[in-house]
Amino acid sequence: MKPLQGCLAGLCLLLVAWPVFADPLPSWRAGEAKSQIIAFVEDVTDPDSPNFVPVADRIATFDNDGTLWAEQPAYFQLIYALDEVRAAAEADPAFASTPALKAAVAGDLKPLFDNHHAGLMEVIDATHAGMTVSDYIASVQDWLKTARHPQSDQPYDAMVYQPMLELLRYLRDEGFATYIVSGGGIHFIRAFAEPRYGIPPQQVVGSVGNERFEIVDGTPELIKEAGIFFIDDKAGKPVAIDRHIGRRPIFVGGNSDGDLQMLQWSTAGPGPRFGLIVHHDDGEREWAYDRDSAIGRLDKAMDLASKEGWLLVSMKDDWAKVFPWQK
């Protein structure tokens, strides 16, 4: 072979082999967290490994708020509902006729969480009951186009975590099916999950309100009703996974005690298992909070992480970048 031909052949071989050596998690700093994730994925996807897991059983579930996107200064679904209340009150001042609705218009959150969140449920019912599911999803999508986070001035759906986007993509590239299992409303998350996370609507599991089927102007519709049918949080998460997915996940990620039971149930199954907890310890690039936070409280799960072998991911130390738009 002539020297030039040999160089070209070598270059072609390098280009073909390049994807094999590409870093699947470029926004994760080199260290124990990144190494553990990659080692687990390589182990369970290697046909020659004793821990090989067939594609059908490669199920990964992730919480949403605080795990895939930010949750401060309040859950984004709550901020959406408050914006809807204010808009309704501006159109009709008589709309804010109860203490809960008046508090919502004023931005006073404390009364909404008293008495087992009764005020919050009143706000949600007042703004969303009677809407078709398709109209509700369209409303959320319209809100996401214009609403801005009060501190970053970014669209709310830009407040996603770049390292977690990479992890979702990496898992899917290795044959995993990725699901969201969240305490947030199922239709709220379905409004943006596919374009932002690559997770289609049928792989979103969330809290569910009451609905009814109805023919509206000759068109079959699902109508949102007042009240909650199922809350997908804490002990409800394993139940929802069983109902919706039918397989116990082998990879699970969360960030708070609301994910504790999902972590426990998923990692207690037979064979190789991986539990991951995002720890919000970066007060400069995001927020620092855990045990004493009213939102995303991480206490019991953090205490159990070492004993149970769950990976506690330091946002400060393990992530080179937090949000896609950050340098």
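Computed from a predicted structure; not experimentally measured.

Asks: Which residues make up unusual backbone geometry, and what values do they have?
Replies: Looking along the chain, the bond that leaves Gln 72 and enters Pro 73 is cis, with omega of 5°. Despite not being glycine, Asp 217 shows a phi value in the positive range, around 50°. By the element assignment, Asp 217 lies in the loop between strand S3 (204-216) and strand S4 (219-230).

Asks: Can you break down a nonpolar patch on the surface residue by residue, with the values?
Replies: The grouping of Phe 213, Ile 215 and Leu 222 at the surface amounts to a nonpolar patch, some 310 Å² of accessible area in total. Here Leu 222 shows up in strand S4. You can call Leu 222 partly exposed: its relative accessible area is 41%.

Asks: Any details on helix H12 (residues 300-308)? Residues and values, ideally.
Replies: Every buried residue of H12 is accounted for by Ala 301, Met 302 and Ala 305. One side of H12 holds all its buried residues, which, seen down the axis, span an arc of 100°. Away from the buried face of H12 by more than 90 degrees, exposed residues Lys 300 and Lys 307 are located. Tucked inside the fold, the buried residues of H12 contact helix H11 (260-267), strand S6 (274-279) and strand S7 (311-314). The positive-phi residue at the C-terminal boundary of H12 is Gly 309, with phi of around 80°.

Asks: Provide a residue-level description of helix H6 (residues 133-146), including the pertinent values.
Replies: The end-to-end C-alpha distance of H6, which contains 14 residues, comes to 21 Å, matching closely the 20 Å that a straight helix rising 1.5 Å per residue would cover. Within the sequence span of H6, burial applies to Val 133, Tyr 136, Ile 137, Ser 139, Val 140, Trp 143 and Leu 144. Taken end-on, H6 shows its buried residues confined to a sector of 155°, consistent with a single buried face. Those residues of H6 that are exposed and angled more than 90 degrees off the buried face are Lys 145 and Thr 146. Among the structural elements, helix H3 (76-91), helix H5 (110-128), helix H8 (186-190), S3 and S4 are those in contact with the buried residues of H6.

Asks: Quick rundown of the sheet that holds S6? Include the residues and the values.
Replies: The pairing of strands in a sheet happens through backbone hydrogen bonds and is either parallel or antiparallel. With mixed pairing, 7 strands are arranged side by side in an open sheet as S4-S3-S2-S1-S5-S6-S7. Sheet topology places S4 and S7 at the edges, where each strand pairs with a single neighbour. Geometrically, the sheet is characterised by an average inter-axis angle of 35° between neighbouring strands, direction not taken into account. Sheet topology note: the S3/S4 ladder contains 8 bridges and is antiparallel. When the bridges of S4 are listed, Glu 214 appears paired with Glu 221.

Asks: How would you explain the confidence of the model for the chain if you had to name every residue and give the values?
Replies: On average, residues of the chain score 93 in pLDDT, and 94% of them reach the 70 mark or higher. Within the chain, the element-level pLDDT minimum falls on helix H1 (residues 3-21), averaging 51, and the maximum on strand S1 (residues 59-62), averaging 99.

Here is what the cut-offs are and how they apply
Residues numbered from 1 in each chain as written. Predicted model: local features only at pLDDT ≥ 70, side-chain atom pairs only at ≥ 80, totals over all residues. Heavy atoms only, no water. Helix = DSSP H or I, 4+ residues; strand = E, 2+ residues; numbered from the N terminus. Patch = residues over 30% accessible without salt bridge, like charges linked within 9 Å, V, L, I, M, F, W, Y side chains within 5 Å. Areas by Shrake-Rupley, 256 points an atom, 1.4 Å probe, with all protein chains shown as cover. Salt bridge = Lys/Arg side-chain N within 4 Å of Asp/Glu carboxyl O. Buried < 20%, exposed > 50% of the residue type's maximum accessible area, 1.4 Å probe, protein only. Arc of directions from axis to C-beta. Contact = heavy atoms within 4.5 Å. Expected span 1.5 Å × (residues − 1). Pairing = 2+ DSSP bridges. Axes fitted to C-alpha atoms, helices over the stretch in contact; angles between N-to-C directions. pLDDT = per-residue confidence, 0-100.

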